[in-house]
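What follows is the residue order along each chain.
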Amino acid sequence: MTARGLRLAPFRGLRYAPEKVSSLAAVTSPPYDVVVRPDGLRQLETADPYNIVRLILPQAADPAVRHRQAAETLRRWQADGVLVHDPRPALYVYEQREGELLQRGLIGALRLTPPEDGVVLPHEDVIDEVVADRAALMRQMAANPEPLLLSYRGSGTRTGATAVIERATRRPPLVATTTEDGFSHRLWAVTDPGELAAVDADLSGHRALIADGHHRWATYLRLCEEQGEQAGPSAWDHGLVLLVDTARYPLQVRAIHRVLPRLPLVKALDLLSRAGEACGARGAFRVRRLRVPLAEAMGALDEAAGNAFLLSAGDGVFHLLDRPDPQLLERTVSAGRPATWRELDATVLHATLLDAIWQIPDSPADIGYLHHTEAALSQAAARGGTAVLMRPVAEEKVRALAEQGVTMPRKSTSFGPKPATGLVLRTLADAPH
């Protein structure tokens, strides 16, 4: 795979000038799709007038106004010296640490490759409306404002990219800050030609799994295809990523929960009961009411055998669904996929519950995706809907499906820790790659 593997190019990072902001922690943000609650957005906007959320989630009713607003803000911040390009192209060693948890990787401009090459493996489907919106934003900004997270399996030895990373961490960092979530972040620039060559030689023999950022990857590919109509290479042929060797730094895998704002819990349970009548004495699912603390309810979900889900209106009462009727699954879940895919909780949720029983349209207005259980419960309570709490999927299962070319239902997993947004950006107007 030497000629068709990962090719990570250095770039002139665009970074905050420390003297222009209150603190580096105050201008960073989680990835755009994690900032979902209005109070979280307001908190970031008020943390510092230059918080990166004004670029990744500009606020206006008209999408075109939002995108233009972000582009104008980026240009103004550069003109005012708030964001400044580094003098030389570099790969950036990025470290995240919280207690015993340590993650290190490389941020760079990854050469884009078509899906059929199998160099970058997606494991989830995407929502076209989200890709279109992200593409419009990046097109207007002519920038990649935040890296997506990719994982690859190295050899486990301290050679190649690993050696370069570890040497860099023995030097003083360019950036060092601790964010509100307790994570410390450090960033180093790698500019030495020999070290860059060593990274390239190592990574070119690997392929990567998209851990977080499927919509951003699909956006990169769409923008690259648009620019491909023009002759010659383009900066749009690369996209900003963080590459992590999970042989050395295993990622954490968490679930992504659903909120169904237009489906009250009473109606969800009634439709389940009606579907169960057609399944005979067994019922569609076994449903147990739990009036216990959240942690105990999640423990019961984790211990359930087979497919299981936790429903709640956000009022402190939970309903545990498990033991789905086998004939119901046979009728509703596609038989044209591997057994591992058919048995996923997310597959059963979308095919059996959302499509067949609840008949929920597959649209952002009808299904919300939240990374935190408390946020999902709060949103369900605020909107009179139903929160569906999920269990995580093991990374090995995710990778095995991706290597078979099988994508999971969208938002099936949440890999982390996710890179903080705002530590380094990539602009395309003057990019060498």
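Everything below is about the structure printed above this text.
All figures in this text were calculated on a predicted structure; none of them were measured in a lab.

(A) How the structure looks around the overall build of the protein. A tally of helices and strands in the protein yields 15 helices and 21 strands. Taken over the C-alpha trace, the protein has a radius of gyration of 22 Å; the compact-globule value for 433 residues is 22 Å, and the two agree within 12%. When the backbone C-alpha atoms are referred to their principal axes, the protein occupies close to 70 × 45 × 45 Å. Taking all 433 residues of the protein together, the buried fraction comes to 56%. Expressed as a percentage of contacts within the protein between residues at least 6 apart in sequence, the contacts between residues at least 24 apart total 80%. Total accessible area computed for the protein in this model is approximately 18400 Å², and 50% of it derives from carbon and sulfur atoms. Within the protein, one finds 50 positive and 52 negative side-chain charges whose respective centroids are separated by 1 Å.

(B) Spatial organisation of the nonpolar core. With 117 residues, the main nonpolar core has Phe285, Ile357 and Trp358 as its most contacted residues. Here the element with the most residues in this core is helix α13 (residues 345-357); it accounts for seven residues. Setting aside residues no more than four positions away along its own chain, phenylalanine 285 makes contact with Leu272, Phe309, Leu321, Asp322, Arg323, Pro324, Leu328, Val348, Thr352, Leu353 and Ile357. Counting 17 residues, the second largest nonpolar core, distinct from the first, contains Val259, Ala297, Ala375 and Ala387.

(C) How the structure looks around helix α14 (residues 373-383). All of the buried residues along α14 are Thr373, Ala375, Ala376, Leu377, Gln379 and Ala380. Where the residues of α14 are buried, they touch β14 (257-260), α10 (294-303), β16 (308-312), β17 (318-322), β18 (368-370) and β19 (386-389). Positive backbone phi, approximately 70 degrees, marks glycine 384, located one or two places after α14.

(D) Local environment of the sheet that holds β18. On the basis of which strands lie adjacent, the open sheet formed by six strands has the order β15-β17-β16-β19-β14-β18 and antiparallel pairing. Two strands lie at the open edges of the sheet, namely β15 (286-290) and β18, each paired on one side alone. Pairwise comparison of adjacent strand axes, ignoring direction, gives a mean angle of 25 degrees for this sheet. Of the strand pairs in this sheet, β16 and β19 are connected by three bridges, and their pairing is antiparallel. In the sheet register, leucine 310 faces β19, and the bridge partner there is leucine 389. Against the sheet, α13 touches β14, β16, β17, β18 and β19, its axis set at about 60 degrees to β16. Across the sheet, α14 is in contact with β14, β16, β17, β18 and β19; its angle to β19 comes to roughly 160 degrees.

(E) Focus on the pattern of salt bridges. By the definition in use, this model includes 18 salt bridges. Between arginine 104 and glutamate 95 there is a salt bridge, with its nearest N and O atoms 2.8 Å apart. Look at glutamate 95 and you get buried, because its relative accessible area is 2%. One salt bridge connects aspartate 366 with arginine 262, and the closest N-O pair in it is separated by 3.5 Å. With aspartate 366 in the loop between α13 and β18 and arginine 262 in the loop between β14 and α9 (265-277), this pair connects stretches of sequence that are 104 residues apart. The exposure class of arginine 262 is exposed, given its relative accessible area of 58%. Members of the salt-bridge network, linked through shared partners, are Glu95, Arg97, Arg104 and Arg186.

(F) Focus on the packing of aromatic side chains. Following the criterion strictly, the structure yields five aromatic pairs and no others. Aromatic side chains phenylalanine 285 and phenylalanine 309 sit 6.3 Å apart centroid to centroid with 65 degrees between the ring planes, which places their arrangement in the edge-to-face category. With phenylalanine 285 in the loop between α9 and β15 and phenylalanine 309 in strand β16, the pair connects residues that are 24 residues apart, well separated along the chain. Residue phenylalanine 285 shares its accessibility class with phenylalanine 309, and that shared class is buried. Connected via pairs of aromatic rings, a cluster forms that spans Tyr16, Tyr50 and Trp77. The ring of tryptophan 341 has arginine 337 sitting right over it, with the charged end atom 4.5 Å from the ring centre.

(G) Summary view of the side chain of aspartate 245. For aspartate 245, the position within the fold is in strand β12 (residues 238-245). Buried within the structure, aspartate 245 lacks any salt-bridge partner; arginine 248 is the closest side chain of opposite charge, at an N-O distance of 5.5 Å.

(H) A look at the pairing of β14. Burial of the side chains of β14 extends over both faces: His257 and Val259 are buried on one face and Arg258 and Leu260 on the other. Where β14 meets β18, three bridges bridge the pair, whose relative direction is antiparallel. Note that in β18 the partner of valine 259 across the bridge is glycine 368. As defined by bridge partners, β14 adjoins β19 across three bridges and the pair is classed as antiparallel. What sits directly across from leucine 260, in β19, is threonine 386.

The rules behind the values
- Residues numbered from 1 in each chain as written.
- Predicted model: local features only at pLDDT ≥ 70, side-chain atom pairs only at ≥ 80, totals over all residues.
- Heavy atoms only, no water.
- Helix = DSSP H or I, 4+ residues; strand = E, 2+ residues; numbered from the N terminus.
- Rg over C-alpha atoms; globule rule 2.2 N^0.38 Å.
- Buried < 20%, exposed > 50% of the residue type's maximum accessible area, 1.4 Å probe, protein only.
- Contact = heavy atoms within 4.5 Å.
- Areas by Shrake-Rupley, 256 points an atom, 1.4 Å probe, with all protein chains shown as cover.
- Lys, Arg positive; Asp, Glu negative; His and termini not counted.
- Charge placed at Lys NZ, Arg CZ, Asp CG, Glu CD.
- Core = buried A, V, L, I, M, F, W, Y, C linked by side-chain atoms within 4.5 Å.
- Pairing = 2+ DSSP bridges.
- Axes fitted to C-alpha atoms, helices over the stretch in contact; angles between N-to-C directions.
- Salt bridge = Lys/Arg side-chain N within 4 Å of Asp/Glu carboxyl O.
- Phe/Tyr/Trp six-rings, centres within 6.5 Å; stacked < 30°, edge-to-face > 60°.
- Lys NZ or Arg CZ within 6 Å of the ring centre and 35° of its normal.

These values are about where atoms sit, not about what they do.
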